[in-house]
Amino acid sequence: MTQTPTQAAPVITPADKSMDDIVALCKRRGFVFPASEIYGGINGFWDYGPLGIELKNNLRDRWWRDMVTCPPDGPDGRPLDIVGLDSAIIQNPKVWEASGHLAGFADPMRKCQKCGHFVREDQLWEILATNSKWFDDLLQQFTPHTGEIDTLRLMEWAKRKGKKYAPNLALVRNPEVTMSWFAQRINGQPDAPPDVQELVRYLATEQLHATGLQEPCPLCGGELGDAQPFKLMFESYAGLTQTEDSKVYLRPETAQGIFTNYKNVLDTMRVKMPFGIAQVGKSFRNEVTPRNYIFRSREFEQMEMEWFCHPDEAKQWYEFWVQQRHDWWVSVGVNPANLIRREHDCDELAHYSTACADIEYQYPFTAPGYGELEGIAHRGDYDLSKHQEHARLKLEYFDQQRKEAGEPEDKFRYMPHVIEPAAGLTRGMLVLLCEAYTPDDSRPSKVFMKFDPSMAPIKAAIFPLVNKDGMPEKAEELYRQLRKRWAVQMDVKQNIGKRYARMDEAGTPYCFTIDSDSLADDTVTVRDRDTAGQQRINISQVEQYLADRIDGV
Ligand code: ATP
């Protein structure tokens, strides 16, 4: 075998990556397209192109393999038992009544009194910081950490840029009065370092004595009204009549279909506590502000598993699953340096939950901060108890073996507790895309997608060096052999450099080139995506070469 010198792949962090560039590559290479693009798109919906669906399926299949077909061993070294399910997207509305979604699944929204724009209350400051033109510009007018505030500069800003970008901000509408509130704030506490949020509240407030400090609209700077609940479930009707009685909902999570089938699974499968039921599928949420590409969309996919166990063991299982799920993301190619585990504070927890941890990733749009990728919740017996009550059906677990062993009643008759690892499949795909995106100026493509080989949408490309002299025929023979096992592509167009560049952007880990030597000695060139290094191997070794590197991981 001959080997050409390899080059080291550059190290790059999420903060160095541009989301615009990632989105452009995904469009250019057929990973993700805006839904109904030819009609101008539709906010919060995305279509997954030929490479996107392969990547998504790879992630889904790996999850299924590692959660259902071959779950990890438990803390005692014994194999865990998890079964799969595929429940309907539309269920009897009573399911959502019992689960609490009909009454409580809503976001607190505030409406701008001036321009009518809606903003989610708990995201206001995040949206101001990342998505508000005027806020960004205003911040540059003062340097809060040093405490320096140039009143004249702010007045000047109000008259010019403010008028254009934030016409409804108090500072812009009534600069003199607003600045006098502001001056009082500064004079009142000359030594305390001013806090940006508080300063901006002053600048958004015209009549402090009448209204209290205001929070401004990210769009126009106007005053925001009180928070009102905004229901997140999409509604439709089942059947011919379209009345309240025929109203149905698109599921906002896959989990409830698992709880409603808990008894069916117990009655039909030989599962024993503890065990899990897993499901992958579409969920729908009428998100108020779908944003950050496929991070928050209105139609998305989830991979959820409900782990049922004895209440006394739930805490231990919770710890187990948080660790497992973190390690799983690392196993599909996510750099652990870009992941954190964030334990929810008490005031973030649902009233029935005793613990919840998020596995968060440093997305380019959150860096240096993090955003949720997967949540692992200790849900207690909330869901089963609610369905027991609403469906009037006994859902307690009875453990014959423990009874016969003479254990006390609370050990053999109980309502199971549930640990729920809930991951976003489409959000996970975004993580793989962000993680793989690797700018590299030394290549013709200037970028390559460094997917873990097992996740790559195309596993290998086969190129005849030229489209004649028997090379295409030999290439096709190899192509036909490999496509029986993996997603591979044969490409005969353009010069070899352009073909490599295309595969670099698709994230194809290996390219095999058939040249004139191949015809003489049955060898091919393998090019490695990450190093751009090349070596020659015998054509009969190609399948094993790929198997070792793709299926072996
Ligand atoms: P958030 O707080 O971001 O709205 P959540 O905590 O309500 O999310 P869960 O109900 O726990 O999310 O859903 C589990 C997982 O489903 C999330 O960790 C995320 O990966 C994914 N997910 C939730 N909402 C969306 C969405 N609108 N678009 C894409 N993925 C989503």
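Residues numbered from 1 in each chain as written. Predicted model: local features only at pLDDT ≥ 70, side-chain atom pairs only at ≥ 80, totals over all residues. Heavy atoms only, no water.

Helix and strand counts for the protein come out as 22 helices and 23 strands. If one aligns the C-alpha atoms of the protein with their principal axes, the spans along those axes are about 90 × 70 × 55 Å. Residues counted as buried form 50% of the 553 residues belonging to the protein. Across the protein, the fraction of contacts at a sequence separation of at least 24, relative to all contacts at a separation of at least 6, is 66%. Total accessible area on the protein is roughly 26400 Å²; 48% of this is exposed by carbon and sulfur atoms. (Helix = DSSP H or I, 4+ residues; strand = E, 2+ residues; numbered from the N terminus. Buried < 20%, exposed > 50% of the residue type's maximum accessible area, 1.4 Å probe, protein only. Contact = heavy atoms within 4.5 Å. Areas by Shrake-Rupley, 256 points an atom, 1.4 Å probe, with all protein chains shown as cover.)

Turning to the side chain of serine 87, a few remarks are in order. Relative to the helices and strands, serine 87 resides in the loop between strand E3 (82-85) and helix H3 (93-99). With near-sequence residues (within four places) excluded, serine 87 lies in contact with Arg251, Gly257, Asn261 and Gln279.

Let us look at the domain arrangement of the protein. Domain annotation of the protein identifies domain 1 (25-102 + 237-435), domain 2 (106-228) and domain 3 (449-551). Its C-alpha centre places domain 1 at a distance of 38 Å from the equivalent point of domain 3. At the interface, 15 residues of domain 1 touch 13 residues of domain 3. When the area that domain 1 buries against domain 3 is broken down by residue, the three leading residues are Arg29, Leu51 and Asn58, summing to 37%. Along the contact surface separating domain 1 from domain 3 lie 2 salt bridges. Arginine 29 is the salt-bridge partner of glutamate 505, the closest N and O atoms lying 3.0 Å from each other. For the interface between domain 1 and domain 3, the tally reads 5 residue pairs in polar contact (both at pLDDT 80 or more). For the side of domain 1 that touches domain 3, the secondary structure elements donating two or more residues are helix H1 (19-28), helix H2 (50-69) and helix H18 (425-436). Among the elements that line the side of domain 1 that touches domain 3, the one with the most residues is H2, at 6 residues. Taken together, the residues that form the side of domain 1 that touches domain 3 break down as 8 nonpolar, 3 polar and 4 charged. (Domains from an automatic or database assignment. Buried area = accessible area lost by both parts, 1.4 Å probe. Salt bridge = Lys/Arg side-chain N within 4 Å of Asp/Glu carboxyl O. Polar contact = N/O pair within 3.5 Å; in protein donor to acceptor, adjacent residues only side chain to side chain. Nonpolar A, V, L, I, M, F, W, Y, C, P; charged D, E, K, R; others polar.)

With that settled, the discussion passes to the site of the ligand. Within the structure, the ligand sits among 15 residues, and Arg285, Glu287, Ser297, Glu372 and Leu373 are positioned closest to it. The separation between an oxygen atom of the ligand and a polar side-chain atom of arginine 296 is 2.9 Å. When isolated, the ligand has an accessible area of 600 Å², and the protein chains bury 81% of it. Looking at the shell around the ligand, the elements that each hand over two or more residues are strand E10 (299-309), strand E13 (371-380) and strand E16 (417-424). With 4 residues, E13 is the largest single contributor of residues to the shell around the ligand. Broken down by class, the residue content of the shell around the ligand amounts to 5 nonpolar, 4 polar and 6 charged. (Near = heavy atom within 4 Å.)

Summed over all chains, the structure comprises 41 salt bridges. Via salt bridges that share partners, Arg342, Glu348, Asp358 and Glu360 belong to a single interconnected network.

For the structure shown, the criterion picks out 2 cavities of 30 Å³ or more. Of the pockets and cavities examined, the largest cavity occupies roughly 60 Å³. In terms of lining residues, the largest cavity is bounded by Val332, Gly333, Leu432, Glu435, Ala436, Lys450, Phe451, Asp452 and Met455. Broken down by class, the residue content of the lining of the largest cavity amounts to 5 nonpolar, 1 polar and 3 charged. Here the second largest cavity is characterised by a volume of approximately 50 Å³. If you trace the second largest cavity, you find it lined by His101, Leu102, Phe105, Lys231, Leu232, Met233, Glu235 and Tyr249. By residue class, the composition of the lining of the second largest cavity is 5 nonpolar, 1 polar and 2 charged. (1 Å grid on protein atoms, 1.4 Å probe; cavity = no way out; pocket = protein on both sides within 12 Å on 5 of 7 lines; lining within 4 Å. Points joined across faces, edges and corners; volume = space filled by probe spheres on them.)

In a beta sheet, neighbouring strands pair by backbone hydrogen bonds and run either parallel or antiparallel. An order of E20-E19-E21-E22-E23 is seen for the 5 strands of this open sheet, with the pairing classed as mixed. The open sheet terminates on both sides in strands that have one partner only, identified here as strand E20 (488-490) and strand E23 (534-538). On average, each strand axis in the sheet is tilted by 25° relative to the strand beside it, whichever way the strands run. In the packing of helix H22 (residues 542-551) onto the sheet, the strands contacted are strand E19 (460-464), strand E21 (510-514), strand E22 (523-528) and E23, and the crossing angle to E21 comes to about 170°. (Pairing = 2+ DSSP bridges. Axes fitted to C-alpha atoms, helices over the stretch in contact; angles between N-to-C directions.)

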